[in-house]
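# Breakdown of the fold
Residues per chain, in single letters:
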Amino acid sequence: MQSIERHTADMVRVGGGVVVDDWAVRRARAEAVAEAGDHAGAVKLFAEIAEDGCRVLGPDHPDTLLARHRHADCLDDAGGTAEAAGLHAAVAADRARILGPDHPDTLLSRHLHAYCAGESGDHELAARLHAAVAADRDRVLGADHPEALLSHAEHAYFLGLTDRAAEAVRVGAAVVAGRGRVLGGDHPQTLMSRHNHASHVGDAGDPEEAVRLYASVVEDRARVLGPDHADTLMSRHNQAFYVSATGDFAGAVVLYDGIVRDRARVLGPDHPHTLLSRHNRADSLDDAGRTREAVDLHAAVAADRARVLGHDHPDTLLSRHLHAHCVGASGDPERAADLYATLVADRARIAGPGHPETLAGRHAHALYVGRSEAPDEAVRLFVSVVEDRVRILGPDHPDTLLSRHEHAFHVGEAGDEDGAALLFAFLVQDRVRVLGADHPHTLVSRSEHARWAGLSGRTLIARDLHAGVVEARTRVLGVDHPDTFVSRHLHATSVGDAGEVEEAVRLLAALVVDRAWVLGVDHPETRASRHAHERFAERLDLG
């Protein structure tokens, strides 16, 4: 939800002569067409002026360069941003040759080339280009010049889009300070920089500080721009997003309630920003444990996005994905599997069966097929997903490893305990190598390896594997963490299954005490450990 700042070129006027006057009239007409919002018409007019300029005035004439510049600019406005990037690059090169590399028009063309490159999806190139323009504008114009600050702001923005949030924080903090000093703390560009800086701080791993920064931005934007201004509402939306990122999902829901209400009133219920806030509210409800409520909200957002944005729009598809997920998570795996099957068909039609989003849908479809008590079919589906993820994403990609984990699990659920244990053994090796032995995903796979080894009759191996997971989870998560409790339970029962009944009784007795203290005496997991303790104690008495 970050806003990009667009620098609009000041038109350079030339005077004298019939040809120049005619050029000025034609250019003024093209500008009027652009100003009226007919960007396609303006593109055509400026293309004709540029072509005639090359023929009559020569390709290096300032009017020709200006027409080419405006042609590229209007082409971007008309949606041809990728093509505009190439045109701006060519104009920048010619302006550097004719006017000099430090001329303001040259720097402007370089700036717009960087902007269009980024808006076309090449964020890495945009970050590099903006950094270079920022350095040259610092040198030519001075570090406090508004255009130099603009280039630094764009540099920070695209750094954030290339997952270099820490660098974006550093660059953005300097922009906030510079704009506050030069333009004033209440200037819209200063407020925009503070908005983006807060986002980068959150993305760099400090959501609590992002929340604090956004609270300040919201207060100042409401005071300067008004509480109903689109930028104020945007900052409120982002504040709620990072409140959710801190783990305060209930607090995020409360904030989103107000944002949805105000965006619907100010922007309209069908505005994309309103729909986004509704989407995020549903997501936070799910995270807060109110998944059944989230089901209906995601379904409603999906329907409205399909109507407003189109059935095939990425946001519509995302809402359908989360609706299906919440349906499954709320206890209806069969319905979730059906929803994912339809979604996968649409994603494959739009982007192809190997697109990462299609693969994510195929993975989820297979998962809920398995949870619908069809493990054999789930295995078949996961084999295909694993093959495609290995081929497209690579064998070490986290998503590939996740699909391998689910494939191994469903192999066991389909009755092949030996096969599951073997698949988990190989997966553990790869997750240890890629993620590390103590990574949460690695520990889950290590636990499953131990469990399926035990179910396949390798009780001594299972005992030792479970012991290793208990040690790692105790060290990483703590002795009272729920995952540690699960591993302690599995280890204790595997010790008993391996014939060490007295030791199993001792371990389970200690676990019952700890689970009762942390979870309560009547918690289902406390009762499960108590029942296991009683079962092995009876065996010990009989022995």
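One structure accompanies this document, and this report is about it. Keep in mind that this is a model prediction, so the values were computed, not measured.

Our next topic: the overall build of the protein. From N to C terminus, the protein includes 25 helices and 0 strands. The C-alpha radius of gyration of the protein comes to 30 Å, more than 25% above the 24 Å expected for a compact globule of 543 residues. Projected onto the principal axes, the alpha-carbon positions of the protein cover approximately 115 × 45 × 45 Å. Within the protein, the proportion of its 543 residues that are buried is 46%. Within the protein, counting contacts between residues at least 6 apart in sequence, those at least 24 apart form 54% of the total.

The next thing to look at is empty space enclosed by the protein. Inspection of the entire model under this criterion finds 1 cavity of 30 Å³ or more. Taken as a whole, the largest cavity encloses approximately 60 Å³ of empty space. Lining the largest cavity are 10 residues, and of these Ala153, Ala156, Gly172, Ser193 and Asn196 sit closest to its centre. Listing elements by their share of the lining of the largest cavity, those giving two or more residues are α7 (146-161), α8 (165-182) and α9 (188-203). A total of 4 residues in the lining of the largest cavity trace back to one element, the largest contributor, which is α9.

Once that is clear, we can look at the layout of surface pockets. If you add up the space inside the second largest pocket, you get close to 180 Å³. The wall of the second largest pocket is formed by Ala450, Arg451, Gly454, Leu455, Thr459, Ala462, His466, Leu490, Thr493, Ser494 and Asp497. Broken down by class, the residue content of the lining of the second largest pocket amounts to 4 nonpolar, 5 polar and 2 charged.

So, how was this worked out
Residues numbered from 1 in each chain as written. Predicted model: local features only at pLDDT ≥ 70, side-chain atom pairs only at ≥ 80, totals over all residues. Heavy atoms only, no water. Helix = DSSP H or I, 4+ residues; strand = E, 2+ residues; numbered from the N terminus. Rg over C-alpha atoms; globule rule 2.2 N^0.38 Å. Buried < 20%, exposed > 50% of the residue type's maximum accessible area, 1.4 Å probe, protein only. Contact = heavy atoms within 4.5 Å. 1 Å grid on protein atoms, 1.4 Å probe; cavity = no way out; pocket = protein on both sides within 12 Å on 5 of 7 lines; lining within 4 Å. Points joined across faces, edges and corners; volume = space filled by probe spheres on them. Nonpolar A, V, L, I, M, F, W, Y, C, P; charged D, E, K, R; others polar.

By themselves, these observations are geometric and do not establish any function.
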